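These are the residues of each chain, in order.
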Amino acid sequence: MAELSLVLSLIALLLSLSKWVYDLLRKPSGIPSRASHLRIEPLARGVNCFVSRGGYTLFFVSFRAYNDSDQRPVTIDRCDLKVRIKGRWRRTKLYEAPQAELFPSLVRNSLPLTIKPSEFIDLFEVFQYDALMSSTEVKIRVECRERDGGIVSYEQKAVSYTHLRAHETSLHLVCRLL
């Protein structure tokens, strides 16, 4: 009987250690283990677009940030955009426009941004990548960092504005307005 309890104890110990190792290897560094109440999604499929000119590419991005908690607010401290080029994620920067402060819905004019429990907010931003795009479609990743350090992201394809105009629908007018 003692041998059976020893074997069961060793099995339980091995299972708990393997779960700990699995969680440790699976968890990305810098992201807290608690579940985030922040969720971000595109406003509509196919409206994020880009235009290449003057040696750089501008990305027009729109998304909705949700607070899925019904008890506590969520604060966003930073939003970034990455572009997948030749299999690697490349960082972009905010497009510096002198009139940017006139648009309160731009992410840069709203940060830090607090979303009340069970509410959402629509956000827009213009990012710049310092190279021209040779394709008509590119994968993008929008990342928002919460005040407590958690990072929430979504990935989507962005389409060239020229290509978008050729296949335009009423949903694509959002990109034109940006």
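Here the structure is a predicted model, which is why all the values come from computation and not from measurement. (Residues numbered from 1 in each chain as written. Predicted model: local features only at pLDDT ≥ 70, side-chain atom pairs only at ≥ 80, totals over all residues. Heavy atoms only, no water.)

K.L.:
Lay out the packing of aromatic side chains in plain terms, naming residues and giving numbers.
P.N.:
With the rule as written, the count across this model stands at three aromatic pairs. Over the aromatic face of Y66 sits the side chain of R39, whose NZ or CZ is 4.0 Å from the ring centroid. Sitting above the plane of the W89 ring, R141 keeps its charged end 4.1 Å from the centroid. (Phe/Tyr/Trp six-rings, centres within 6.5 Å; stacked < 30°, edge-to-face > 60°. Lys NZ or Arg CZ within 6 Å of the ring centre and 35° of its normal.)

K.L.:
Run through the pairing of strand 4 (residues 74-85), naming residues and quoting values.
P.N.:
Burial within strand 4 is extensive, with nine of its 12 residues counted as buried. Of the strand pairs in this sheet, strand 4 and strand 7 (residues 113-115) are connected by three bridges, and their pairing is antiparallel. The residue bridging V74 from the neighbouring strand is I115, located in strand 7. Alignment of strand 4 against strand 9 (residues 137-146), held across eight bridges, turns out to be antiparallel. When the bridges of strand 9 are listed, C79 appears paired with C144. Where strand 4 meets strand 5 (residues 88-91), four bridges bridge the pair, whose relative direction is antiparallel. (Buried < 20%, exposed > 50% of the residue type's maximum accessible area, 1.4 Å probe, protein only. Helix = DSSP H or I, 4+ residues; strand = E, 2+ residues; numbered from the N terminus. Pairing = 2+ DSSP bridges.)

K.L.:
Describe in detail the pattern of salt bridges, supporting the description with residues and values.
P.N.:
For the structure on display, the rule yields 13 salt bridges. One salt bridge in this structure joins D80 and R78, with 2.9 Å as the shortest N-O distance. For R78, a relative accessible area of 38% gives the class partly exposed. With a closest N to O distance of 3.4 Å, K157 and E137 form a salt bridge. Of this pair, K157 sits in strand 10 (residues 151-160) while E137 sits in strand 9, and the two are 20 residues apart along the sequence. (Salt bridge = Lys/Arg side-chain N within 4 Å of Asp/Glu carboxyl O.)

K.L.:
Now, about the nonpolar core: what can you tell me, with residues and values included?
P.N.:
One broad trend across soluble globular proteins is that nonpolar side chains are buried collectively. With 27 residues, the main nonpolar core has L38, I40, F59, V61 and F63 as its most contacted residues. Where this core is concerned, the elements lending two or more residues are strand 1 (38-42), strand 3 (56-67), strand 4, strand 7, strand 8 (120-129), strand 9 and strand 10. Among the elements that line this core, the one with the most residues is strand 4, at six residues. The contact partners of V61, leaving out residues within four places of it in the chain, are N48, L81, L123, F124, E125, F127, I140, V142 and Y154. C49, V51, L58 and V126 belong to the second-largest nonpolar core, a separate cluster that totals five residues. (Core = buried A, V, L, I, M, F, W, Y, C linked by side-chain atoms within 4.5 Å. Contact = heavy atoms within 4.5 Å.)

K.L.:
For the confidence of the model for the protein, give the residues involved together with the corresponding values.
P.N.:
Per-residue confidence for the protein gives a mean pLDDT of 79; residues scoring 70 or more make up 72%. Across residues 26-33, where pLDDT falls below 50, the model places six contacts with residues more than four positions away in sequence or in other chains. (pLDDT = per-residue confidence, 0-100.)

K.L.:
Give me the lowdown on the side chain of T57, citing residues and values where you can.
P.N.:
Along the chain, the position of T57 falls in strand 3. At a separation of 3.0 Å, a polar atom in the side chain of T57 contacts the side chain of S52. A distance of 2.6 Å separates a polar side-chain atom of T57 from the backbone oxygen of A131. With near-sequence residues (within four places) excluded, T57 lies in contact with F50, V51, S52, F127, Q128, Y129, A131, L132 and M133. (Polar contact = N/O pair within 3.5 Å; in protein donor to acceptor, adjacent residues only side chain to side chain.)

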